[in-house]
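Each chain, written out:
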Amino acid sequence: EERRKYRPLDEKAASEYLAMVAPLAERLGGSPQDWNIKEVGDGNMNFVYIVVGPRGSLVLKQALPYVRCVGESWAMTLERAYFEANALRKEFELVPEYVPEIFHFDHPMAVIAMRYCEPPHIILRKGLIQGIVYPRLADHMSDFTSKTLFFSSLLALDTHKHKMAAAQSYANVEMCRLTEQVIFSEPYMEAPNNRWTSPQLDEDVRALREDIELKAEIAELKARFCERTQALLHGDLHTGSIMVTETSTKVIDPEFSFYGPMGFDLGAFIANLILAYYSQDGHSATEGGREDYRGWILQTVSDFWTSFAAKFKREWDRSRDSPGDAYVPAVYNSPEVIELAQKRFMEELFCDSLGFAAAKMIRRIVGIAHVEDLESIANVDVRAKCERRALNCAKLLMKQRRKLSSIAEAQLKLRIVQ
Ligand code: ADP
Ligand code: SR1
Ligand code: MG
Ligand code: MG
Ligand code: MG
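Since the structure is predicted, the reported quantities are computational estimates derived from the model, not experimental observations.

**Q** Which residues make up the overall build of the protein chain, and what values do they have?
**A** Looking only at helices and strands, the protein chain has 15 helices and twelve strands in total. On C-alpha atoms alone, the protein chain measures out to a radius of gyration of 22 Å, which is about the 22 Å that the 2.2 N^0.38 rule sets for 418 residues. The dimensions of the protein chain, computed from C-alpha atoms along their principal axes, are 60 × 60 × 40 Å. The burial tally for the protein chain puts 56% of its 418 residues in the buried class. When contacts within the protein chain are restricted to residue pairs at least 6 apart in sequence, those whose partners lie at least 24 apart make up 73%. Accessible surface, the protein chain: about 18,000 Å² in total, of which carbon and sulfur atoms supply 52%. In the protein chain, 52 positive and 59 negative side-chain charges are present, and the distance between their average locations comes to 1 Å.

Listed below in structure tokens is the structure:
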């Protein structure tokens, strides 16, 4: 019974823990003294151990009862490990090539053991800072998002299955509330959590909090995030949740997963690519020295959206004979009506995605959790310049998203905000 109780691990305790779980010990091979264990968690929330044995390797992830980057003063549910495990399993079912396989989940211990995405895999954000091109990224991420979102939605499921799945994910409410607070509220008000490059951005932050049009937009987006039960989201799909090589892409860390609006995941990925785009001036050896790379990032945003839309539509067309309950064949009974329904759906999703992307950019510049792309720019004036451009681009995207009808048009705006 004692073994079933929660206790936080350290490297030594992690090794003892693994020795008690036969399938994991067997996977590693040898005995505990042969295992190399290292805590590598660089995220905001949890502890992550890479374990390498004579036969094999694994990653052990444990949630602690607080937010790691803040400390014990911000208590946080251990249940996030349960939602992460469930989401990883569901994603693995749908797109096994893009998700590390789960080997073991221990609910009371809030511990997940999963496949180690071995070197040369690195966190995408780090690759983008180094200026590395990932030729398969847009293709892989459009595969991942189109399949996970389509097959968990009412386009593929009947209302019973969809509601049951949504009900199960609804209990991840504490994590949703964290997102509500740090993405949709705090950036637009005075809050002790907030920080920004000061004094350079003081005026920009003041203007943001007085921007009534922007506040009206973020209210709508927050309501959509809280109220829309559309599909199973990853919930934190930034470039720190993606590990890559030139040929492989793995999505990790879905602890914020819940049934929400599809645009929140699509927007997260797009937002973090755009943040990488605006941070390039801070990483290039010479002024404008990363121009080609910036071009590649913009092309990736565009390829991602275009491929996502095409793949999502393909799944929709393919499932015509066994569709979900959203568009029943007796009603959607001609090519014209299907085409119109699809057009409306994709337009709305595009608009949502741009809005959520903007919200996610703004929170990374003025809220609690910043991104390495910008934080690692040593010259504070250069950093502030990159941040101001990103902020202005986000404000424009959030306010004009209804008028932007294509990714090419949105891309043009990005090029203009310099
Ligand atoms: P958090 O929830 O705290 O953000 P993450 O799941 O993002 O934690 O993991 C933190 C870090 O641990 C990642 O940035 C990555 O470097 C490493 N990591 C996590 N899972 C794996 C994995 N399956 N394979 C290799 N490295 C991993
Ligand atoms: C306290 S906010 C921490 C942030 O890190 C996670 O990865 C999520 O993005 C969350 O908003
Ligand atoms: Mg993470
Ligand atoms: Mg996480
Ligand atoms: Mg984000």
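Having seen the structure, we can now continue with the description.
**Q** So what's going on with the site of ligand 1? Which residues, and what values?
**A** Around ligand 1, 18 residues are found, and the nearest of them are Asp42, Asn46, Lys61, Cys117 and Glu255. Here an oxygen atom of ligand 1 sits 2.5 Å away from a polar atom, N or O, in the side chain of aspartate 42. A distance of 3.2 Å separates an oxygen atom of ligand 1 from a polar atom in the backbone of methionine 45. For ligand 1, whose free accessible area comes to 550 Å², the fraction covered by protein is 94%. Here the shell around ligand 1 is built from residues that sort into ten nonpolar, three polar and five charged. Mapped onto the domain boundaries, the shell around ligand 1 takes at least three residues apiece from domain 1 (2-114) and domain 2 (122-416).

**Q** Outline the coordination of the magnesium ion (ligand 4), supporting the account with residue identities and numerical values.
**A** Surrounding the magnesium ion (ligand 4) are the protein donor atoms Asp253 (OD), Asp253 (OD) and Glu255 (OE), which sit 1.8 to 2.2 Å from the metal. Separating the magnesium ion (ligand 4) from the magnesium ion (ligand 3) is a gap of 3.5 Å, which aspartate 253 spans by donating to each of them.

**Q** Please set out the sheet that holds strand S10 (residues 242-244) residue by residue, giving values where relevant.
**A** Here we have three strands laid out as an open sheet, ordered S8-S10-S11, and antiparallel in their pairing. Where the open sheet ends on each side, the last strands, each with one partner, are strand S8 (122-123) and strand S11 (249-251). The sheet contact formed by S8 and S10 spans two bridges and is antiparallel. When the sheet's bridge partners are listed, isoleucine 122 is paired in S10 with valine 244.

**Q** Explain the sheet that holds strand S6 (residues 102-106) to me, and be specific about the residues and the numbers.
**A** Sheet architecture is open: five strands sit in the order S1-S2-S3-S7-S6, paired in antiparallel fashion. Of all the strands in the sheet, just strand S1 (36-39) and S6 have a single pairing partner and so form its edges. Within this sheet the neighbouring strands show an average axis-to-axis angle of 15°, counted without direction. Examined bridge by bridge, S1 and strand S2 (residues 47-52) share four bridges and lie antiparallel to one another. Note that in S2 the partner of asparagine 36 across the bridge is valine 52. Contacts from helix H1 (residues 11-20) reach S1, S2, strand S3 (57-62), S6 and strand S7 (111-114) within the one sheet, and its direction differs from that of S1 by about 130°. Sheet strands touched by helix H3 (residues 80-94): S3, S6 and S7. Its angle to S6, the strand with the most contacts, is close to 155°.

**Q** Describe the packing of aromatic side chains, and please don't skip the residues or the numbers.
**A** For any two aromatic rings, the description comes down to two numbers: the centre-to-centre distance and the angle of the planes. Enumeration over the complete set of coordinates arrives at 20 aromatic pairs. Ring centres of tyrosine 82 and phenylalanine 83 lie 5.0 Å apart, and the angle between their planes is 80°; on these two criteria the pair is classed as edge-to-face. On the basis of relative accessibility, which here comes to 5%, the residue phenylalanine 83 falls in the buried class. Judged by centre distance (5.1 Å) and plane angle (85°), the ring pair of phenylalanine 150 and phenylalanine 151 falls under edge-to-face. By relative accessible area, which is 0% here, phenylalanine 150 ends up buried. The class for phenylalanine 151 is partly exposed, based on a relative accessible area of 30%. Three or more aromatic residues joined by ring pairs make a cluster, and in this case those are Phe150, Phe151, Trp305, Phe308, Phe312, Trp316, Tyr327, Tyr332, Phe345 and Phe350. The aromatic ring of phenylalanine 103 is capped on one face by arginine 27, whose charged end is 3.5 Å from the ring centroid.

Rules used in this analysis
- Residues numbered from 1 in each chain as written.
- Chains lettered and ligands numbered in written order.
- Predicted model: local features only at pLDDT ≥ 70, side-chain atom pairs only at ≥ 80, totals over all residues.
- Heavy atoms only, no water.
- Helix = DSSP H or I, 4+ residues; strand = E, 2+ residues; numbered from the N terminus.
- Rg over C-alpha atoms; globule rule 2.2 N^0.38 Å.
- Buried < 20%, exposed > 50% of the residue type's maximum accessible area, 1.4 Å probe, protein only.
- Contact = heavy atoms within 4.5 Å.
- Areas by Shrake-Rupley, 256 points an atom, 1.4 Å probe, with all protein chains shown as cover.
- Lys, Arg positive; Asp, Glu negative; His and termini not counted.
- Charge placed at Lys NZ, Arg CZ, Asp CG, Glu CD.
- Near = heavy atom within 4 Å.
- Polar contact = N/O pair within 3.5 Å; in protein donor to acceptor, adjacent residues only side chain to side chain.
- Nonpolar A, V, L, I, M, F, W, Y, C, P; charged D, E, K, R; others polar.
- Domains from an automatic or database assignment.
- Donors = N, O, S within 2.8 Å, 3.2 Å for Na, K, Ca; no water.
- Pairing = 2+ DSSP bridges.
- Axes fitted to C-alpha atoms, helices over the stretch in contact; angles between N-to-C directions.
- Phe/Tyr/Trp six-rings, centres within 6.5 Å; stacked < 30°, edge-to-face > 60°.
- Lys NZ or Arg CZ within 6 Å of the ring centre and 35° of its normal.

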